[in-house]
Amino acid sequence: MGTHHSLALVGWEVTLMKKRRFNSDIEVQAFARHICMSAHKVRRVIDQIRGRSYEQTLMILELMPYRASYPIFRLIYSAAANASKTMGSKEADSLISKAEVNEGTFVKKLKPRARGRSYPIKRPTCHIIIVLKDKSKKPKSFLERRYGFVDKYMIGK
């Protein structure tokens, strides 16, 4: 039960999402699940980096004194490496377009107390989602995504 919750950085998933509402040509999405921290404390850091460039974000996270900045730093670094490998984009052209934190499950433990009693301990976890967007690439139009090309006769009719 407690093996995958004991370390804060175990259980990381970095995945590419290909859904209709997600433009996979210019965006990469990365997840971190079951981070052993309160979502409220992680949101305090996430709110500072939302909408900033990749390089500026790394500098901010290195100088922040919060414990939540290290998992976010690793997640953004991993998402940028994923974007450069899959899309071939430069890391300097990346922008954090979306950053959100959701509450996860509680890790429930029992602490032994006096006279054979036990005291429940609930440790909160959270899930972090980061979406990196490439500033240099333009998004494809609907026709390019659907047919793979744009014909000048298709636009007017």
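Residue positions within a chain follow its written sequence, with the count starting from 1. Two thresholds apply to this predicted model, a pLDDT of at least 70 for residue-level local features and 80 or more for giving and counting side-chain atom pairs, whereas whole-chain, interface and lining totals are computed over all residues. Side-chain figures throughout are based on the complete set of non-hydrogen atoms in the structure, without hydrogens or water.

Notes on the pattern of salt bridges
- The salt bridge criterion pairs a side-chain nitrogen of Lys or Arg with a carboxyl oxygen of Asp or Glu, the two atoms within 4 Å. All told, the structure shown has 2 salt bridges when counted by the stated rule.
- A salt bridge links D47 to R50; the nearest nitrogen and oxygen atoms lie 2.9 Å apart.
- Across the pair K98 and E100 runs a salt bridge, and its minimum N-O distance is 3.6 Å.

Concerning the nonpolar core
- Membership of the largest hydrophobic core comes to 26 residues, with the highest contact counts inside it found for V42, I46, I72, I76 and I128.
- Here a residue-residue contact requires only that any non-hydrogen atoms of the pair lie within 4.5 Å. Beyond its immediate stretch of four places on either side in the chain, I46 contacts I72, A99, V101, I128 and I130. The nonpolar core is taken to be a set of buried Ala, Val, Leu, Ile, Met, Phe, Trp, Tyr and Cys residues, with the residues joined through side-chain atoms within 4.5 Å. Burial classes: relative accessible area under 20% of the type maximum marks a residue as buried, over 50% as exposed, and values in between as partly exposed (1.4 Å probe, protein chains only).

What about the side chain of S69?
- A run of H or I in DSSP becomes a helix once it reaches four residues, and a run of E becomes a strand once it reaches two; helices and strands are each numbered from the N terminus. The topology assignment puts S69 in helix α3 (residues 69-86).
- On the basis of relative accessible area, S69 is assigned to the buried category, the value being 7%.
- Once residues within four sequence positions are removed from consideration, S69 is found in contact with V45, L61 and M64.

Details of helix α1 (residues 39-49)
- Looking at α1, one finds that the buried residues are A39, V42, V45, I46 and I49. Projected down its long axis, α1 carries its buried residues within an arc of 125 degrees, all on one side.
- Among the structural elements, α2 (54-63), α3, β3 (94-112) and β4 (118-134) are those in contact with the buried residues of α1.
- Following α1 by one or two positions, G51 has its phi on the positive side, about 85 degrees. Here, the arc refers to the directions that run from the helix axis to the C-beta atoms.

Quick look at the confidence of the model for the protein
- Residue-level pLDDT values for the protein average 81, and 71% of them are 70 or greater.
- Across the protein, element-level confidence peaks in α1 with a mean pLDDT of 95 and bottoms out in strand β1 (residues 12-13) with 46.
- You can read pLDDT as the predictor saying how much it trusts each residue, on a scale of 0 to 100. Under a pLDDT of 50 for its full length, residues 1-21 has, in the predicted model, 41 contacts with residues more than four places off or in other chains.

Describing the pairing of β4
- Between any two strands, at least two bridges found by DSSP are needed for them to pair. Here strand β2 (residues 27-35) pairs with β4 via 7 bridges, running antiparallel. By the bridge assignment for β4, F31 is matched with I129.
- Where β3 lies against β4, 16 bridges are found, and the strand directions are antiparallel. Note that in β4 the partner of L95 across the bridge is K133.
- Taken together, β3 and the strand that follows it, β4, pair antiparallel across an intervening segment of 5 residues, in which R115 is found at a positive phi of about 60 degrees.

Points about a positive patch on the surface
- Here the term patch refers to residues with relative accessible area over 30% and no salt bridge, with like charges joined within 9 Å and nonpolar side chains (Val, Leu, Ile, Met, Phe, Trp, Tyr) within 5 Å. All accessibility values rest on the Shrake-Rupley procedure with a 1.4 Å probe; residue burial counts only the protein chains present in the view. As used throughout, the charge tally considers Lys and Arg to be positive and Asp and Glu to be negative, leaving His and the chain termini uncounted. The atoms used to mark charge sites are NZ of Lys, CZ of Arg, CG of Asp and CD of Glu. On the surface, K41, R44, R67, K109 and R123 cluster together to form a positively charged patch.
- One can find R67 in the loop between α2 and α3.

Section: the environment of S38
- Residue position: S38 is located in the loop between β2 and α1.
- Taking C-alpha positions, S38 is 5.3 Å from P124, a pair spaced 86 residues apart along the chain.

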